[in-house]
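Here is what each chain is made of, one letter per residue.
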Amino acid sequence: MSGHDHDHPHGHEHSELSETELRVRALETILTEKGYVEPAALDLLIETYEKKVGPRNGALVVAKAWTDAGYRKWLLTDANPAIASVGYAGRQGEHMVVLENTPKRHNMVVCTLCSCYPWPVLGLPPVWYKSAPYRSRAVADPRGVLADFGVELPKETEIRIWDSTSEVRYLVLPMRPAGTEGLSEERLADLVTRDSMIGTGLPKRPEDIK
Amino acid sequence: MPLDPQAAMRAAIAVPGVPRDRDGPVFREPWEAQAFAMTLALHQRGLFSWKEWADALAVQIKRAQAEGDPDTGETYYRHWLAALEKLIAEKGVTTPDALHRYRHAWDRACDRTPHGSPIELKPEDFA
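Residue indices begin from 1 for each chain and proceed along its sequence in written order. Ligands are numbered from 1 and chains lettered from A, in the order in which they are written. Given that this is a predicted model, residues contribute local features only at a pLDDT of at least 70 and side-chain atom pairs are listed and counted only at 80 or more, while totals for whole chains, interfaces and linings are drawn from all residues. Side-chain calculation: all heavy atoms of the structure are included, whereas hydrogens and water are not.

Re the interface of chain B and chain A
Under the convention used in this document: When checking whether two residues touch, look at their non-hydrogen atoms; a contact exists if any pair is within 4.5 Å. Two parts placed together each lose some accessible area under a 1.4 Å probe, and the buried area is that loss summed for both. We define a salt bridge as a contact between a side-chain nitrogen of Lys or Arg and a carboxyl oxygen of Asp or Glu at a distance within 4 Å. Side-chain atoms alone can form a polar contact between residues adjacent in sequence; in general such a contact is a pair of N or O atoms within 3.5 Å, and within protein one must be able to donate a hydrogen while the other accepts it. Strands here mean DSSP runs of E at least two residues long; helices mean DSSP runs of H or I at least four residues long; both are numbered from the N terminus. Amino acids outside the nonpolar list (Ala, Val, Leu, Ile, Met, Phe, Trp, Tyr, Cys, Pro) and the charged list (Asp, Glu, Lys, Arg) are all regarded as polar, and Gly is one of them.
If you look at the interface, chain B gives 46 residues, while chain A gives 44 residues. Both sides together, the interface formed by chain B and chain A hides about 4100 Å², and carbon and sulfur atoms give 69% of it. In terms of surface lost to chain A, no three residues of chain B exceed B:Met38, B:Arg103 and B:His115, which account for 17% of the buried area on that side. Where chain B touches chain A, the interface holds four salt bridges. For A:Lys52, the salt bridge identified is with B:Asp21, shortest N-O distance 2.5 Å. Counting the contacts that link chain B with chain A gives eleven residue pairs in polar contact (both at pLDDT 80 or more). Looking at the side of chain B that touches chain A, the elements that each hand over two or more residues are helix 1 (5–14), helix 2 (30–44), helix 4 (76–90) and helix 5 (96–112) of chain B. Per element, the largest residue contribution to the side of chain B that touches chain A is nine residues, and it comes from helix 2 of chain B. Its residues placed into classes, the side of chain B that touches chain A shows 29 nonpolar, six polar and eleven charged.

Structure follows, in structure tokens:
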């Protein structure tokens, strides 16, 4: 099941990497082939920078949407300017769409391409996110994948999988956790995890971060 | 020596200009973290000292400034990448020609890979 249905007037949609990204890949391949670096060790180190790449204002966007109904409406109908209003500076041509989680529907985003991941909003993608097995399993057995992440949803909640494209990037707007009434936007933003914004996790609860 | 955040912090202190916060280096884009991690790995293998690396980086930055780089910090890792390419060629790890061929091969791999599939390098990409 795919959540998007766009026309691609320029024919097939292939993958894209910038000139700089190509150079970095070339370097990594050569250094790996010659035994100077191990990709797994690099990935492990890079993953520790999950929260150190890009402006990462996704959590603020979510917290604002939880507290401000007007902003929430704006975000869900026209995400780019709504996100930009909290200081996001994405690449041109990236169209963001925000998917709202409700008791009836849980959204989960897949894409094996790092280049389709909205890192300016979310920080670095987790390493497993780029793996082919994650993508195919998420499509075939989303409940199983969620269970692996310790997330159990009510049976009646529909799980919808969205596949990022090179034109559309998704951000999941998770449900506001119970017991957070009266918390400031800043405190609320602390509850919003990267995984909750790609739909493989839920936001933290206030008692988790005390 | 493990490739870990402590080693990364030491590198960020040893090399002038590395953008960082109190925990260690910070990056504007994912590729910057990749370039940084590879440099850290090569340093740990003893390919160069941080002094040597800082000198190589300084050469790139001076050259870019002479060519009109505004030097606002946004281009720091571009200079880093150029220095890395140059230094490993000088060390005999690879050649500018090989770097060019691999870059081109990745470009072809990208072009033939439909969106949503992992991009993998295949022998025909070098043809």
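Next, the rest of the story.
Quick look at the side chain of A:His106
Residue and element names in this part refer to chain A. By the secondary structure assignment, His106 is in strand 2 (residues 105–110). Within the local environment of His106, its side chain forms a polar contact with the side chain of Asn101, the two groups lying 3.4 Å apart. A polar contact of 2.8 Å, which involves the side chain of His106, links it to the backbone oxygen of Gly199. For His106, the residues in contact, after removing those within four places along its chain, are Asn101, Leu146, Leu153, Thr157, Glu158, Ile159, Arg160, Gly199, Gly201 and Leu202.

Brief notes about the domain arrangement of chain A
Residues and elements named next belong to chain A. The condition is simple: Delimitation of the domains relies on an automatic or database domain assignment.
With domains assigned, chain A is organised as domain 1 (19–48) and domain 2 (54–209). Each of domain 1 and domain 2 was reduced to a C-alpha centroid, and the two centroids are 28 Å apart. Contact residues are listed per partner, giving four residues for domain 1 and four residues for domain 2. The contact between domain 1 and domain 2 buries some 410 Å² in all, and 52% of this surface belongs to carbon and sulfur atoms. Together, Glu21, Asp43 and Glu47 form the three largest contributors to the area buried by domain 1 at its contact with domain 2, with a combined 77%. One can count zero salt bridges joining domain 1 with domain 2. Inspection of the domain 1/domain 2 interface yields zero residue pairs in polar contact (both at pLDDT 80 or more). Here the side of domain 1 that touches domain 2 takes three residues from helix 2 (residues 39–47), the largest share from any one element.

Points about the pattern of salt bridges
As a reminder of what qualifies: Only protein chains enter the accessibility calculation, which uses a 1.4 Å probe; a residue whose area is less than 20% of its type maximum is buried, one above 50% is exposed, and one in between is partly exposed.
The tally for this structure, following the rule as stated, stands at 19 salt bridges over all chains. For the salt bridge of A:Arg105 with A:Glu158, the shortest nitrogen-to-oxygen distance reads 3.4 Å. Separated by 53 residues along the polypeptide, A:Arg105 in strand 2 and A:Glu158 in strand 3 (residues 158–163) bring together distant segments of the chain. Across the salt bridge formed by B:Lys51 and B:Asp55, the nearest N and O atoms sit 2.7 Å from each other. Of this pair, B:Lys51 and B:Asp55 are both found in helix 3 (residues 50–66), four residues apart, which corresponds to roughly one turn of the helix. Using a relative accessible area of 39% as the deciding quantity, one classes B:Asp55 as partly exposed. Taken together, the shared-partner salt bridges connect A:Lys52, B:Asp21, B:Arg22 and B:Asp23 into one network.

Brief notes about the confidence of the model for chain B
All names here are of chain B. Short version of the rule: Per-residue confidence from the prediction method is given by pLDDT, with values spanning 0 to 100.
Looking at chain B, the pLDDT average stands at 91 and 98% of residues meet or exceed 70. Ranking the elements of chain B by mean pLDDT puts strand 1 (residues 20–21) last, at 88, and helix 4 first, at 96. In the predicted assembly, ipTM is 0.95 and pTM is 0.81.

Some details on helix 2 of chain B
Residues and elements named next belong to chain B. To be explicit about the condition: The span you would expect from a helix comes to 1.5 Å times its residue count less one.
A rise of 1.5 Å per residue sets the reference length of helix 2, with its 15 residues, at 21 Å; its end C-alpha atoms lie 21 Å apart and thus fit the reference within 8%. For helix 2, the buried fraction is high: twelve of the 15 residues fall into the buried class. Within the span of helix 2, buried status applies to Pro30, Trp31, Glu32, Ala33, Ala35, Phe36, Ala37, Met38, Thr39, Leu40, Ala41 and Leu42. Gly46 sits one or two residues past helix 2 and shows a positive phi near 80°.

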